[in-house]
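What follows is each chain in one-letter form.
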Amino acid sequence: TRQLLDRYNTLLRNSFIDIPQLESSFIPTEDERGRVSPLWINQSDKFVRRIFNRGSWEKGGRFYGGWWQNCPEEWRTKIFINDKPTVEVDFSGHHIAMLYANKGIDFGALGIDAYTVETPEQWPLTDDERRAVCKDLMLIVINATDEKKAVKAFQNKQPNGSFQKGISNGDLGLVLDRLKEKHQPIAEHFANDAGIDLMRQDSDITAILIDEFTADGEVILTIHDSYIVDLDSVTKLRARMAKAFEKVTGVSGARLDVAYKLDYRTMKQLPGSSNAQSFAVIKQGLSQLHIDPDRSERYLQGLRTWQGRS
């Protein structure tokens, strides 16, 4: 791990990672308590480390560091690497796929939506909003140690003043029961502290990807279960992800749910779609976007400094 991090941090240090449209040197960010603080965008805050948990090399192990991990999504999707536009490839259903894979089941092959279950009719929410509630609750409960803490964590995550913030414990418990019924093969891991072990698996996958991209001299930015790469590297990332997932979980040919985040837009990729289809979707989306934006003077000054380095 130390040698991998040394090589990766050297590549990051020698790469120009910035946001062309950003005029200021920082982005105002707001935490859960509403406190605003600056996120500085510079070529210094790029150091990445791997953190294990609970005094064990078998727990956690995720990669942390780099200003992009704390960057709001609306700006993160505008990141350029070495003055080239990027795509964020999001494998957000990773942990669910891993839990099934650990049971020898390819979840993608089941052809079901992990997050769609019946919710109370009286909720004044759209179908997409109802699904989002189920998704948030499920992903939280997988990482929780008990159901009460999961429900509390869900409520704390919701925006102040939203209907979702005030959903009762009873309603959330009902939705959770339906999620457990839908996912009976892995229900034993709900609210059972599975997340810390799943993090070790997803961090091992990330380590493989970092190693392979770094060996090619290509930058990959990681946000746990999503990865930022330049456009030309997307197909390579998909192929390498499939192999890394198989190596870590033992399930070959797994069909992973993927979403592509492109400058304010998200395009979902259905499980089982081929890399060729994925690439076509991205190309079509990027053709509608300004992939060669006006560059701020701050950005251009930093780019000139980087280009003129010895």
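See the structure printed just above.
Notes on the structure follow. (Residues numbered from 1 in each chain as written. Predicted model: local features only at pLDDT ≥ 70, side-chain atom pairs only at ≥ 80, totals over all residues. Heavy atoms only, no water.)

Considering all chains together, one arrives at eight aromatic pairs under this definition. The interplanar angle of 70 degrees and the centroid separation of 5.9 Å between the aromatic rings of tryptophan 67 and tryptophan 68 together place this pair among those described as edge-to-face. Owing to a relative accessible area of 0%, tryptophan 67 belongs among the buried residues under this scheme. Summarising the aromatic geometry, the rings of phenylalanine 91 and tyrosine 227 are spaced 6.1 Å apart at their centres and angled 65 degrees between planes, so their arrangement reads as edge-to-face. With phenylalanine 91 in the loop between β7 (84–90) and α3 (94–101) and tyrosine 227 in strand β9 (residues 226–230), the pair connects residues that are 136 residues apart, well separated along the chain. There is no split in this pair, since phenylalanine 91 and tyrosine 227 are both buried. In this structure an aromatic cluster arises from ring pairing among Phe16, Tyr299 and Trp306. The ring centre of phenylalanine 213 lies 5.0 Å from the NZ or CZ of arginine 240, which sits over that ring. (Phe/Tyr/Trp six-rings, centres within 6.5 Å; stacked < 30°, edge-to-face > 60°. Buried < 20%, exposed > 50% of the residue type's maximum accessible area, 1.4 Å probe, protein only. Helix = DSSP H or I, 4+ residues; strand = E, 2+ residues; numbered from the N terminus. Lys NZ or Arg CZ within 6 Å of the ring centre and 35° of its normal.)

Once that is clear, we can look at the environment of arginine 50. If you trace the backbone, arginine 50 turns up in strand β4 (residues 49–52). Separated by 153 residues in sequence, arginine 50 and serine 203 have C-alpha atoms that sit 8.7 Å apart. Not counting chain neighbours up to four residues away, the residues in contact with arginine 50 comprise Thr1, Leu5, Gly61, Arg62, Phe63, Arg200, Ser203, Asp204 and Ala207. For arginine 50, the side chain forms a polar contact with the side chain of serine 203, separated by 2.9 Å. Among the polar contacts made by the side chain of arginine 50, one reaches the side chain of aspartate 204 at a distance of 2.8 Å. (Contact = heavy atoms within 4.5 Å. Polar contact = N/O pair within 3.5 Å; in protein donor to acceptor, adjacent residues only side chain to side chain.)

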